[in-house]
Amino acid sequence: MIPPVLPTYARAPLTFVRGEGAWLVEADGRRFLDLGAGIAVNALGHAHPALVAALTEQAGRLWHVSNLYRIAEQEQLAEKLVAATFADTVFFTNSGTEAAELAIKMVRKHWSAKGDPGRTEIVAFEGSFHGRSTGAIAAAGAEKLVKGFGPLMPGFVHLPWGDHGALKAAVSDRTAAVLIEPIQGEGGIRALPDACLKGLRALCDETGALLVLDEVQCGMGRTGRLFAHDWAGVRPDIVMVAKGIGGGFPLGAVLATEAAASGMTVGTHGSTYGGNPLACAVGLKVMELVADEDFLAEVRRKAGLMRQRLEGLVAAHPGVFEAVRGQGLMLGLKCARPNADVVAAGHAEGVLTVPGGDNVIRLLPPLTLTEAEIAEGIVRLDRAAARLEAA
Ligand SMILES: *Cc1c(COP(=O)(O)O)cnc(C)c1O
């Protein structure tokens, strides 16, 4: 019999009832160190006092009014994002997949408004993930996402990751856009080298194609810079944001240059909830804390420590782990055993990680993780590895 909750997830038998920073408390009282942060969502950990205050203050005043009216919190958050990034303008969504939908629409509208409506092809990459809407699964193209959901939205071509020849051959002055995650998340923490992102920018400049970055997972301070593309110093045309920007409250955004967004005039897009006062009050506080240069420097310092400790863990357990990869606090451990077993062993030792593609476990901890918590995380992962070796 089908359960009341549609069974599209293979859920772990854990029910968390409370969160405090990097810790989650299970219904039975066990404490888990959360190195997954709700899949890179709880950027400031659980129940951060400043976020709780921002949310409750707004909740007592005004939740929702509709985009039929001006929304002060939305305007302030947009101004903050524009001031801190390449973007000239922002549209708020409730999720990453909605950000992907708008990014695709914006690309198509851009070319149609320029009098070139046939310029629709978007070049995307194998192993990518852009969400679960019909457009987003077509954009990613993976068999496991699209099987049984056809016919798919046309207009996407998929290239192997890291194949420069295929890229050069595929991108022409008929290409509408190139869509890529600077660091693939679901695909298993596969980072695009800075030189490749720069090369991609140059290729887009040569051909006129728009460069669209999906920073839903790698953005908002995750890599130790506000956005992952900041490391390469490139200026994208459109960037998708979600996950960390709401710190746990559903919020996403599409950031764009004025030129890229030029087709998006009144009536061309909308959202009932997107950018409502409650979400934006939280997003404003997240931005205030995460975009701070001292905060980001701390993320980089702790990421360096964590990476060093993880290298030691891999060296100590070659039968369980093969390598560390990723950037900042978006780290992956390539596993020598099925990653699901490693995640489960972590559960037994009170540490939460997230499985990813390419047999990786992902470590996406709250950016507020302390040095002591990093040490505790390594102890628990070490015990989990020992547990697998003993089995
Ligand atoms: C999670 C994710 C999405 C989809 O976001 P949802 O909020 O789940 O719709 C899109 N792109 C990337 C890179 C993601 O990690």
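Residues numbered from 1 in each chain as written. Predicted model: local features only at pLDDT ≥ 70, side-chain atom pairs only at ≥ 80, totals over all residues. Heavy atoms only, no water.

**A word on the site of the ligand**
Around the ligand, the neighbouring residues are Ser95, Gly96, Thr97, Phe129, His130, Gly131, Glu181, Asp214, Val216, Gln217 and Lys243. Take Gly96: an N or O atom from its main chain is 2.8 Å from an oxygen atom of the ligand. Here a nitrogen atom of the ligand sits 2.7 Å away from a polar atom, N or O, in the side chain of Asp214. Contact with the protein chains removes 83% of the 380 Å² of surface that the ligand exposes when unbound. (Near = heavy atom within 4 Å. Polar contact = N/O pair within 3.5 Å; in protein donor to acceptor, adjacent residues only side chain to side chain. Areas by Shrake-Rupley, 256 points an atom, 1.4 Å probe, with all protein chains shown as cover.)

**As for the domain arrangement of the protein**
For the protein, the assigned domains read domain 1 (16–41 + 293–390) and domain 2 (50–290). If you average the C-alpha positions of domain 1 and of domain 2, the two centres end up 27 Å apart. Contacts between the two partners involve 23 residues from domain 1 and, on the opposite side, 24 residues from domain 2. Roughly 2,000 Å² is buried in total at the junction of domain 1 and domain 2, and carbon and sulfur atoms are behind 61% of that figure. On the surface where domain 1 and domain 2 come into contact, there are 1 salt bridge. For Arg362, the salt bridge is made with Glu186, and the minimal N-O distance between the two is 3.0 Å. (Domains from an automatic or database assignment. Contact = heavy atoms within 4.5 Å. Buried area = accessible area lost by both parts, 1.4 Å probe. Salt bridge = Lys/Arg side-chain N within 4 Å of Asp/Glu carboxyl O.)

**Quick notes on the nonpolar core**
Membership of the largest hydrophobic core comes to 76 residues, with the highest contact counts inside it found for Phe92, Leu255, Met306, Leu310, Phe321 and Leu333. Counting residues per element, this core draws most heavily on helix H10 (residues 293–316), at 8 residues. With sequence-adjacent residues up to four places away left out, Leu310 is seen in contact with Val324, Leu331, Leu333, Leu363, Ile378 and Leu381. If you look at the next biggest cluster of nonpolar residues, it comprises 26 residues, including Ala100, Trp111, Ile238 and Val254. (Core = buried A, V, L, I, M, F, W, Y, C linked by side-chain atoms within 4.5 Å. Buried < 20%, exposed > 50% of the residue type's maximum accessible area, 1.4 Å probe, protein only. Helix = DSSP H or I, 4+ residues; strand = E, 2+ residues; numbered from the N terminus.)

**Things to note about the sheet that holds strand E17 (residues 360–363)**
One open sheet accounts for 4 strands, arranged E13-E14-E17-E16; its pairing is antiparallel. The strands lining the two open edges of the sheet, one partner per strand, are strand E13 (321–327) and strand E16 (354–356). The average angle at which neighbouring strand axes cross in this sheet is 30°, direction not considered. (Pairing = 2+ DSSP bridges. Axes fitted to C-alpha atoms, helices over the stretch in contact; angles between N-to-C directions.)

**Focus on the packing of H10 against helix H12 (residues 371–390)**
Following both chains from N to C, one finds H10 and H12 inclined at 20°, their axes separated by 10 Å at the closest point. In terms of axis orientation, H10 runs roughly parallel to H12. The hand of the H10/H12 crossing is right-handed. Note on element contacts: H12 touches H10 through Glu371, Ile374, Ala375, Ile378, Leu381, Asp382 and Glu389, opposite Arg301, Lys302, Leu305, Met306, Arg309, Leu310, Leu313 and Ala316. Split into classes, the residues belonging to the contact of H10 with H12 amount to 9 nonpolar, no polar and 6 charged. (Parallel < 35°, antiparallel > 145°, perpendicular 65-115°, else oblique. Left-handed = near helix turned anticlockwise from the far one by under 90°. Nonpolar A, V, L, I, M, F, W, Y, C, P; charged D, E, K, R; others polar.)

**A look at the sheet that holds strand E15 (residues 351–352)**
Two strands in a sheet stick together by hydrogen bonds in their backbones, pointing the same way (parallel) or opposite ways (antiparallel). The strand order across the open sheet built from 4 strands is E1-E2-E3-E15, with neighbouring strands paired in mixed fashion. Lying at the two open borders of the sheet, with one neighbouring strand each, are strand E1 (16–20) and E15. As defined by bridge partners, E1 adjoins strand E2 (residues 23–26) across 4 bridges and the pair is classed as antiparallel. Opposite Phe16, over in E2, you have Glu26 as the bridge partner. Docked against the sheet, H12 engages E2, strand E3 (31–34) and E15, running at close to 110° with respect to E3.

**Re unusual backbone geometry**
Pro151 follows Gly150 through a cis peptide bond whose omega is 0°. Tracing the chain through its elements places Pro151 in the loop between helix H6 (143–146) and strand E6 (156–159). Although it is not a glycine, Ala37 adopts a positive phi angle of roughly 50°. Mapped onto the fold, Ala37 is located in helix H1 (residues 37–40). Classification of Ala37 as buried rests on a relative accessible area of 0%. Backbone geometry at Ser66 places phi at a positive 95°, although glycine is not the residue there.

**Topic: the pattern of salt bridges**
With the rule as written, the count across this model stands at 19 salt bridges. Between Glu57 and Arg61 there is a salt bridge, with the nearest N and O atoms lying 2.9 Å from each other. You can call Arg61 exposed: its relative accessible area is 51%. Connected through salt bridges with shared partners, the residues Arg18, Glu20 and Arg31 form a single ionic network.

**Observations concerning the packing of aromatic side chains**
According to the stated counting rule, one finds 2 aromatic pairs in the structure shown. Ring geometry for Phe16 and Phe32: centres 5.4 Å apart, planes at 80°, overall edge-to-face. Separated by 16 residues along the polypeptide, Phe16 in strand E1 and Phe32 in strand E3 bring together distant segments of the chain. With a centroid separation of 6.2 Å and an interplanar angle of 90°, the aromatic rings of Phe125 and Trp161 are classed as edge-to-face. Here Phe125 is found in strand E5 (residues 121–125), whereas its partner Trp161 is found in the loop between E6 and helix H7 (164–170), with 36 residues between them in sequence. Here the guanidinium or amino end of Arg119 rests over the ring plane of Trp111, the centre of that ring lying 3.9 Å away. The ring of Trp231 carries Arg225 above its face, with NZ or CZ at 5.2 Å from the centroid. (Phe/Tyr/Trp six-rings, centres within 6.5 Å; stacked < 30°, edge-to-face > 60°. Lys NZ or Arg CZ within 6 Å of the ring centre and 35° of its normal.)

**What to know about the side chain of Glu349**
For Glu349, the location among the structural elements is in the loop between helix H11 (339–348) and E15. For Glu349, a relative accessible area of 16% translates into the label buried. One polar contact links Glu349 to Arg387, side chain to side chain, over a distance of 2.9 Å. Those residues in contact with Glu349 that sit more than four places away from it in its chain are Arg380, Arg383, Ala384 and Arg387.

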